[in-house]
Amino acid sequence: MNKQFYFTLLGLVFGMSTMVAQSGNQILDGIGETGMIARYIFNGDAKDWSRNNLHGRIYGPNAQFEDDEKFGKVLSLPGDDKTFVSIPGEAVEGEESLSITAWVNFNADQVGQTLFDFGKDDRTHFFVSPFGTKKKDRLQAQILQNGKEKYTAHANDITIETNQWIHLAVVLDIPSKTMGIFVDGKQVGQVESMEMELEELFTHENLLYIGRSITSNNPFLNAKIHDFRLYRIPLSEQQIGRIRYIALRGGEEAVRREKPEDNLPQFETNNPQLYNSYLAGVSDVQVETKVGNLPRLPRFVKGTYKSGVQGPEVRVLWPAPTDNADVQQPGTYEVIGKVAGTNFQPKAIITVKSGDDEATPHQTLEAFELADVTLDSDALGNQTKFIENRDKFINTLAETNPDAFLYMFRNAFGQPQPAGATPLGVWDSQETKLRGHATGHYLTAIAQAYASTGYDKNLQANFAKKMDYMVNTLYELSQLSGHANVAGGPYVSNPTEVPPGDGREGFDSDLSEGGIRTDYWNWGEGFVSAYPPDQFIMLEGGAKYGTQKTQIWAPYYTLHKILAGLMDIYEVTGNQKALDIAKGMGSWVHARLSQVPVDTLISMWNTYIAGEFGGMNEAMARLYRITNEHRYLEVAQLFDNIKVFFGDAEHSHGLAKNVDTFRGLHANQHIPQIMGALEIYRDSEIPEYFRVADNFWYKAKNDYMYSIGGVAGARNPTNAECFIGQPATLYENGFSAGGQNETCATYNMLKLTRNLFMFDQRTELMDYYERGLYNHILASVAEDSPANTYHVPLRPGSIKRFGNADMTGFTCCNGTALESSTKLQNSIYFESHDHKALYVNLFVPSTLQWKERNITVEQKTTFPKEDHTQLIIKGKGKFNLNVRVPQWATKGFYVKINGKEEKVLAQTGSYLTLSRNWKNGDTVDIKMPFQFHLDPVMDQQNIASLFYGPILLVAQEPEARNDWRKVTLDASDLGKTIQGNPEKLEFTIDGVVFKPFYETYGRHSVYLDVTLK
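The following paragraphs examine the structure supplied in this document. Since this is a predicted model, take the numbers as computed values, not measurements.

What to know about the pattern of salt bridges
Scanning the model with the defined rule gives 53 salt bridges in all. Across the salt bridge formed by E721 and R51, the nearest N and O atoms sit 2.7 Å from each other. With a gap of 670 residues between them, E721 in the loop between helix 14 (687-703) and helix 15 (730-733) and R51 in the loop between strand 2 (36-40) and strand 3 (57-59) connect regions that are remote in the sequence. Given the relative accessible area of 1%, E721 is considered buried. Here R762 makes a salt bridge to D694, at a shortest N to O gap of 3.1 Å. Here R762, found in the loop between helix 16 (743-757) and helix 17 (763-777), pairs with D694, found in helix 14; they are 68 residues apart in sequence, far enough to count as distant.

Notes on helix 4 (residues 437-452)
The terminal C-alpha atoms of helix 4 lie 23 Å apart, and with 16 residues this matches the ideal 22 Å at 1.5 Å per residue to within 8%. The buried fraction of helix 4 amounts to 15 of the 16 residues, a majority that puts the element mostly inside the structure.

Quick look at the pairing of strand 35 (residues 855-861)
The side chains of a regular strand alternate between both faces of the sheet. The buried count for strand 35 comes to six of seven residues, which makes it a mostly enclosed element. Bridge analysis of strand 34 (residues 846-850) against strand 35 gives five bridges, and the strand direction is antiparallel. Bridge assignment links S846 to a residue of strand 35, and that residue is Q859. As judged from the six bridges shared by strand 35 and strand 36 (residues 868-874), these two strands associate in the antiparallel manner. Looking at strand 36, one finds that T861 is bridged to T869. Joining the antiparallel neighbours strand 35 and strand 36 is a turn of six residues.

Observations concerning the sheet that holds strand 39 (residues 900-902)
Ordered by their spatial adjacency, seven strands build an open sheet running 25-34-35-36-41-38-39, and the pairing between neighbours is antiparallel. Unpaired on one side and paired on the other, strand 25 (373-375) and strand 39 mark the two borders of the sheet. Averaged over all pairs of adjacent strands, the angle between their axes in this sheet comes to 20°, without regard to strand direction. Bridge count for strand 38 (residues 894-897) against strand 41 (residues 923-927) is four bridges, and the pairing is antiparallel. Directly across from V895, in strand 41, lies its bridge partner I926.

Remarks on the nonpolar core
One finds Y556, V589, L593, F696, L881 and L1012 to be the most contacted residues of the largest nonpolar core, which totals 247 residues. Setting aside chain neighbours within four positions, we find L593 in contact with E540, Y556, L601, M604, W605, V635, L638 and F639. Formed by 52 residues, the second largest nonpolar core is a distinct cluster that contains A38, F118, L139 and A223.

A few points about helix 9 (residues 598-605)
Where helix 9 is concerned, the buried positions are L601, I602, M604 and W605. Taken around the axis of helix 9, the buried residues stretch over an arc of 165°, which confines them to a single face. On the buried face of helix 9, the contacting elements are helix 6 (534-540), helix 7 (555-573), helix 8 (576-593), helix 11 (630-638), helix 12 (642-646) and helix 13 (667-684).

Notes on the packing of helix 14 against helix 16
Orientation of helix 14 relative to helix 16, taken along the N-to-C sense of each, is 125°, at an axis distance of 11 Å. Taken together, the axes of helix 14 and helix 16 lie oblique to each other. In this structure, helix 14 crosses over helix 16, and the sense of that crossing is left-handed. Along its contact with helix 14, which presents F690, A693, D694, F696, W697 and A700, the element helix 16 presents M749, L752, T753 and L756. Split into classes, the residues belonging to the contact of helix 14 with helix 16 amount to eight nonpolar, one polar and one charged.

Re the packing of helix 3 (residues 402-412) against helix 5 (residues 457-478)
For the pair helix 3 and helix 5, the least separation of the axes is 10 Å and the interaxial angle reads 10°. Here helix 5 runs roughly parallel to helix 3, going by the angle between their axes. Note on element contacts: helix 5 touches helix 3 through K466, Y469, M470, T473, L474 and L477, opposite P402, D403, F405, L406, F409 and R410. Residues that form the contact of helix 3 with helix 5 fall into these classes: eight nonpolar, one polar and three charged.

Description of the side chain of S99
Tracing the backbone through its elements, the reader meets S99 in strand 7 (residues 98-106). In this structure the side chain of S99 is engaged in a polar contact, spanning 2.9 Å, whose partner is the backbone nitrogen of L235. Residues within four places of S99 in sequence aside, it is in contact with V170, V171, R229, L230, Y231, I233, P234 and L235.

A word on the environment of D326
Along the chain, D326 falls in the loop between strand 21 (314-315) and strand 22 (331-336). You can call D326 buried: its relative accessible area is 16%. The sequence separation of D326 and Q417 amounts to 91 residues, and the corresponding C-alpha distance is 62 Å.

Each value, and the rule that gives it
- Residues numbered from 1 in each chain as written.
- Predicted model: local features only at pLDDT ≥ 70, side-chain atom pairs only at ≥ 80, totals over all residues.
- Heavy atoms only, no water.
- Salt bridge = Lys/Arg side-chain N within 4 Å of Asp/Glu carboxyl O.
- Helix = DSSP H or I, 4+ residues; strand = E, 2+ residues; numbered from the N terminus.
- Buried < 20%, exposed > 50% of the residue type's maximum accessible area, 1.4 Å probe, protein only.
- Expected span 1.5 Å × (residues − 1).
- Pairing = 2+ DSSP bridges.
- Axes fitted to C-alpha atoms, helices over the stretch in contact; angles between N-to-C directions.
- Core = buried A, V, L, I, M, F, W, Y, C linked by side-chain atoms within 4.5 Å.
- Contact = heavy atoms within 4.5 Å.
- Arc of directions from axis to C-beta.
- Parallel < 35°, antiparallel > 145°, perpendicular 65-115°, else oblique.
- Left-handed = near helix turned anticlockwise from the far one by under 90°.
- Nonpolar A, V, L, I, M, F, W, Y, C, P; charged D, E, K, R; others polar.
- Polar contact = N/O pair within 3.5 Å; in protein donor to acceptor, adjacent residues only side chain to side chain.

Written as C-alpha cells, this is what we have:
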C-alpha cells in the first residue's frame, strides 16, 4: 500500500478531540477539580462537597434550610445579628488568586450587609457588600489593609433586586492585577493595576465568614444562599457564565472538549523560533515496523542550518493516529510531519513487514537494597540536597504517632481508640472515601526509613518499633473480618457473599460517625481497609466518583498503597504477619474479581478516578513473586486496563500496538497501571505487557513531558490532572492555570523508568530519571520542612504551594513524597544479574556496599555544583564499570584512572564501559563539562526552559505575571549573555537572577520567551 498523510496543526490530527472528557462531580462546569478549593451547596448542612474536607459551620439559633422552587433546599439566614456561616481559615492560605461564586436571594436591601468577609482581622480583609456601605451605595467589593481602604470595585450601574435569585461572583486575579465583580454571568465592575499579593490579606489563621462582617456593628445578612464556591484560579467571564447557565439547567451538562480559553500570549504559527529560524533543511527518515504495530517515529531528526549556526536535532511533529488501521497489511507508506513555525515537511517512509514481532528483552539488572547505598556529604563536606530532603522527612517521620495512621482502620472495625489518638486530616478524615491511603504510604516510608538509617541506630530502632506496631494492629483487624464477633454468632467468610449493612437495601459509602457500618464479621475473610467493603462492591455495580453516599473514590487505589506498604515491610524485615495480611487481602480481591465479567472490568478500570486502582496489578504480580501462588498473578491480570493496553478484548490495537490510547486521560490513574504491566511481564514474559510499558514511556516522555520531567497538566481537557487532549501540543493544550505536573505522577514515572532500565539499558531512560529527580522530586520539598507540592505550576511568575509540613493531612502527592524522600539513593547504582557489571547511573555523593563482590564503591563529588565526580574502588576483582554518558554532556566526557587519562570513545546518550581487573584503591575521575542548553516546548519553540548541564535554572520573579519573561541569547553560544557563578549554580541574565528550581521557593518562571541572535 502507498498512502500519504498530510499533517497540519489545524487539521484533523491536531484538531479538537471528539473524545468525551473524563468527569465526576468534582469536575464542575468544565473546570478541573484542582482549581476548586471548596463548595458549599447548603442543602441541609455546611459540608464541603469538594474532596478537600473544608467543612463549614453554621452559627446562630435561627438558621433554617428552606424548600426552594429553583434549587430545592437552601440555607436561609435571617439577619438577626447571630446567624452566619464560618469556613475553615486554611481554605485560602497560600493561594495566588481567588474566585468566589454564589447563588443568593436577598430578603432585604439593608446597607452594610456583607455576603462574605474574608481576612486576617478587622483591619485587613476583603468583603462584598451587595447594597453598599455607609460611605458608598450599591454593589461593591472592597479590600481594606491596615484599616484603610485599598481597592474597591464598584458596580454602580447595577441594582440588586430583593426576593429573586442572582448569581454573584468576585475574582481576585493577582497575575492580571485585577479584581472583578460579576452578576448573572456578566462583569459589572473592575479594579485594574492592583498591586498586591493574597498573602497580604491572608495568613495561616484567617476569619472567613459568610453572612456577617468581620468588623462589629455591621448588620448580618438577610438572605437565602445556595452553592457557594471558592476557586484558586481566576475564573473568566465565560467560565462564570457557564457555571450560572448549567445551574439554571438543573446542574447537569456533559463536559465537552473545547478550544482552551486562556490568557497566554499567542504567537504566529508560521513564525520560526529559536534554532528553527536558521533551519535550511530537515532529513527524511525510514522506519520499519511489523504488521499491526504503528511505527515508532523519531521525535528528533537531523537538520542543516545556515549562517554557520550549529543547531540541535530538529523536533518533528508527527500525526498521532488513534488506531492502527494503516499498518494492517505489508507494504510501504509515507507520513508527513511538520516543524513548528516553518514550512518544512519531513517525510517518514514506513515499511510494514509481516512476520513475528521482535523479541522483547529479559531483565538483566537488579537494584541494590536501600541499606547497601548510603548518601554522603559532598566532596567539600557540605550537606547535599539529597541529605537535606531525606533528613526533613526521616526526622519528622520519627516523631509521628502510628495511632493517627491507624485511627480510621480502628474506626471502620468499630474498635476503641488508644488514649490520645487523633485522626489525620485532609483525605484521611472521617467521611473521606479515600481514607487509609496515607497509611499505605506511611508503611512504605517507615520501611524505607528503617532500611536507610543504618547511620543512626536510635532512628532505626524507632522505625522498627513503628513497623511492628502498625503490622500487629492491622493483623489483629484483618483476623476479625469474616469471623463471628461472638461465639456462635453469624458471619460471612466468602468475599463474594458480603451483604449490605444492617437495615440497608443496598451498598453505600456513608462513612459518617452515625452512618458507617462496622459489621466486620460480614465482610469476608482477609479484608482489611480503613472503610468497609461497600466501595469495592459499588464499583462493580458501576458507581462513579464523587462525595455522595451513592458515589465512591478509588477503593483499589487505597488498597494498593496498603498492600505495597505491607510487602515493603515484609521484604525489609521478614515480618510474616505483614505478608499474611497481604495474602488475605489478595485472596479477597481474587475471589471477587474472578467472577466479574470482562466487559464490566473494562468499564470499571476506565471509570474516571472511581476505577483508579493505583498499582494493584503491580502489587498482585509482586505478591505472586513472593509467594509463588499463581492466583495472585491471575488477579494481577484482572486489573489489565484492556482498553488502554490492548484497545479491546481482542487485543487489536492499544499501547501494545503503539497506539496512543491515553491522550486526555487522568495521568496518575494510568501511569501506575503501566508499571503494573511491566511487573506482569517480569513474571509472565508475555511480550504484549513489555510493549505496553515501553511504548507508553516513549510517548509520555516525548509527547507529554514538561521541562521539569512531569507529564501531566492540561488546559484541554480542563483538568490539570490529565494528559493533554492531543499529543505534542503542550502550548496549545497544556499550561493549566490550576497548575500541572502532579508530583506523584512524576514519582510513578521515575518508578516505571528505573524498572524499564533493568530490562533495556537505554541511556535515555536514566537521562529522564535524572531530569525528573533533580528538577521535580528534589524541587517539590519546602525550604524548612517536609511540606511538599501537589501540583507544580509552570506558568509565568508562578509560586509553589507546599503542604503537610507536620504529616497530619495527606493528599496523594503528600503520600508519595514520604516514599520519594526516604529512597533517594535507590537508583544511583545497579548491578547485573551475574554480578559481573556495575552501572553508575547518577552522580551523587554516596557509598555502595557491593556485598556479592565484597567491594565498596565510594563516589566523591559536589555534582551538580561541579562537572566531575570520582569513584574510589575498595576491594578487588574483575568487572565492568558502566558509567552513563548523559545526553547533555555535549562538550566531552573525560576519564582518568589512577590519575592517568584514558583514551575512551564516550558518546553522549550511551554507557561507557571500563573493563579491568580492579585493585583496592583504584580511582576513576570523570569530567563532563556543563554547558547551557534550551528545552523548548515542542509546538512553540520560543517558549523554552534554560538548563545548565542537567539542572533547570529558573528566573527569580519579583511579582506575579501573565506574560513570559523575554530573554535574548547568543545563537552560537548561549553562555555569552549569561553571567554568574557555576559553583553556586547562580546566574544572571539582564540583571535577573536564575537559580536551580530545587533551590527556588519564591516566585519564578520555569519557561521563558527566548530569542536567539
